[in-house]
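Structural description and commentary
Below are the chains, spelled out letter by letter.
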Amino acid sequence: PGGGLVGCKDAEMLSAMRGRVFYLRAAVRHFSTGGDFDVAVIGGGPGGYVAAIKAAQLGLKTVCIEKRGALGGTCLNVGCIPSKALLNSSQMYFDATSHFKNYGIQVGNVTLDIKTMMSQKESAVDGLTKGIEGLFKKNKVEYAKGYGRFVDATTIEVEGLDGKKTQIKAKNTIIATGSEPVELPFMPFNDFTDRTCVSSTGALMLDKVPKKLAVIGGGVIGLELGSVWARLGAEVTVIEFMDKLCPTMDKELITAFQRSLKKNLNFKFKMSTKVTAADIRKDGVTITMEPAAGGTPEKMEADVALVSVGRRPRTEDLGLDKVGVTLDSKKRIDVDDHFKTKVGNIYAIGDCIKGPMLAHKAEEEGFHVAEAIAGKHGTINYDAIPSVIYTHPEVASVGKTEEELQAAGVEYSKGVFPFLANSRARAVASAEGMVKILADKKTDRILGVHIMSNAAGEQIHEAGLAIEYGASCEDIARTCHAHPTLSEAIKEAAMACYDKPIHS
């Protein structure tokens, strides 16, 4: 009577049905995502997922839209993480075949198993992407798998992986769509077919070691991936349009680094050279090049050509024109100092705005913009953002280069300390490189630090902290450093900058 249940069996059935309806609703909400949000983030890379998690931690109802179907963006899926896995594996192989004997370790016939090496890389990527999903659940961030486009300033259409479209309403939106490799007009990538003309993505998926690898572009990505395949046996030739590798980094350090690549991995360099044409085949590539200033062309044969001439912001097909978000001449989104676009409730961070295309730069911006939306205030000191080349030895920089200080007319002091004079480096027979510190000549405030060593990527953060807090060379020099450590070289370089070092 009155609509009540008449039997236990009916009650059990209704209870089960209610549970099923709840489950389906939860599934739809998690993957299709409806309702209103305080913050929507388009892009689940380092900048996007950090922004989403921080926004949720600050009490904002947040959704993150990611088209890839796996979080972490380029960095985690086809960039920073897989490349570091292969850099580590290839260095182990190189040590076993070239260096173990120097330590009294005799090994037999060392063989290379590319399939297992690639499997370890994929395992690392898979674990980390799932880890981010776990962080989303922990922090109550909704995750919409699909492609996001603006309908209006507060509405985003999401085309799901299954093709179905839903709409999300959000008071604020953060664009964190990242970047993609630049393709030369005459060298289309075949990353997923023949893999003879590849981007960084394809270079991470080669199933055999190319006999000859041409790296077009002498930047960080090309040198790291070139190192991977050189250690495994490839003959690597770097073709660079400029007269210097990694043109934004300190010239003295990069010159030493180039010598190291020649000496240790037999890299060949064609500097001040431009590629003008290419014949791309299933079995290789014929590259036509000539001096950058013009001159007689020459041809080069390669089994694989890695094109690493830069990356461009991913800002197309987002509906930005519909809402009034503007782009600069390089197709980067225009933002103010707090990452706000011309549209007051839409923000942008990471590779799709101005500045270096670095995952950790995007993370800092994601953290900052989430705080700004929540009404908090923070700052980012871009002079304290480090840059690292993860080769062996590594190269790391933070702050100003010597060339930048000279161009700005800044009077500076310079302290350089070689790892040949560092006891830890000598003990482990890895003494290549140096620490270089630049400081204001009048105040001794540290302006830039540049390191080349087998652990530069870890050492650079002492320097970053020093720059962030306006430390002087004397501050570092008077800070006790454990002995024996590679970090003692930073102390000695600081001493060399403001006074005199002890060990050189």
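Residues numbered from 1 in each chain as written. Predicted model: local features only at pLDDT ≥ 70, side-chain atom pairs only at ≥ 80, totals over all residues. Heavy atoms only, no water.

1. Looking at the sheet that holds strand β13 (residues 298-302)
The line we're drawing: Strand pairing requires that DSSP identify at least two bridges connecting the strands. Secondary structure elements are taken from DSSP: a helix is a run of H or I of four residues or more, a strand is a run of E of two residues or more, and numbering for both begins at the N terminus. Fitted lines through C-alpha atoms give the axes, limited to the stretch in contact for helices. The angle between two N-to-C directions lies from 0 to 180 degrees.
Read across the open sheet, the three strands follow the order β11-β12-β13; overall the sheet is antiparallel. The open sheet terminates on both sides in strands that have one partner only, identified here as β11 (273-281) and β13. Strand-to-strand twist of the sheet, defined as the mean angle between neighbouring strand axes without regard to direction, takes the value 25 degrees. Relative to β13, strand β12 (residues 284-291) runs antiparallel, the two sharing five bridges. Bridged to I287 within β13 is M300.

2. Quick notes on the environment of A407
With respect to the helices and strands, A407 occurs in helix α11 (residues 402-408). Spatially, the C-alpha atoms of A407 and L135 are 45 Å apart, while their sequence positions differ by 272 residues.

3. Concerning helix α7 (residues 220-231)
Rules: Here the expected length of a helix is defined as 1.5 Å per residue gap, with one fewer gap than residues. Throughout, exposure labels follow a simple rule: accessible area from a 1.4 Å probe, protein chains only, divided by the maximum for the residue type, with under 20% read as buried, over 50% as exposed, and the rest as partly exposed.
Its 12 residues give α7 an end-to-end C-alpha distance of 17 Å, which sits within 8% of 16 Å, the value for a rise of 1.5 Å per residue. With 10 of its 12 residues buried, α7 lies for the most part within the structure. Buried residues of α7: G222, L223, E224, L225, G226, S227, V228, W229, A230 and R231, and no others. G233 occupies a position one or two residues after α7 and carries a positive phi of about 125 degrees.

4. Description of the side chain of S89
Formally: A contact between two residues is defined here by any heavy atoms of the two lying within 4.5 Å.
Relative to the helices and strands, S89 is located in helix α4 (residues 80-99). The buried category is assigned to S89, whose relative accessible area is 13%. In contact with S89, not counting residues within four places along its chain, are M117 and Q120.

5. Thoughts on the confidence of the model for the protein chain
So the rule is basically this: Per-residue confidence from the predictor is given as pLDDT, running between 0 and 100.
On average, residues of the protein chain carry a pLDDT of 93, and 93% of them reach 70 or more. Predicted confidence for residues 1-34 stays below pLDDT 50, and this span has 23 contacts to residues more than four positions away or in other chains.

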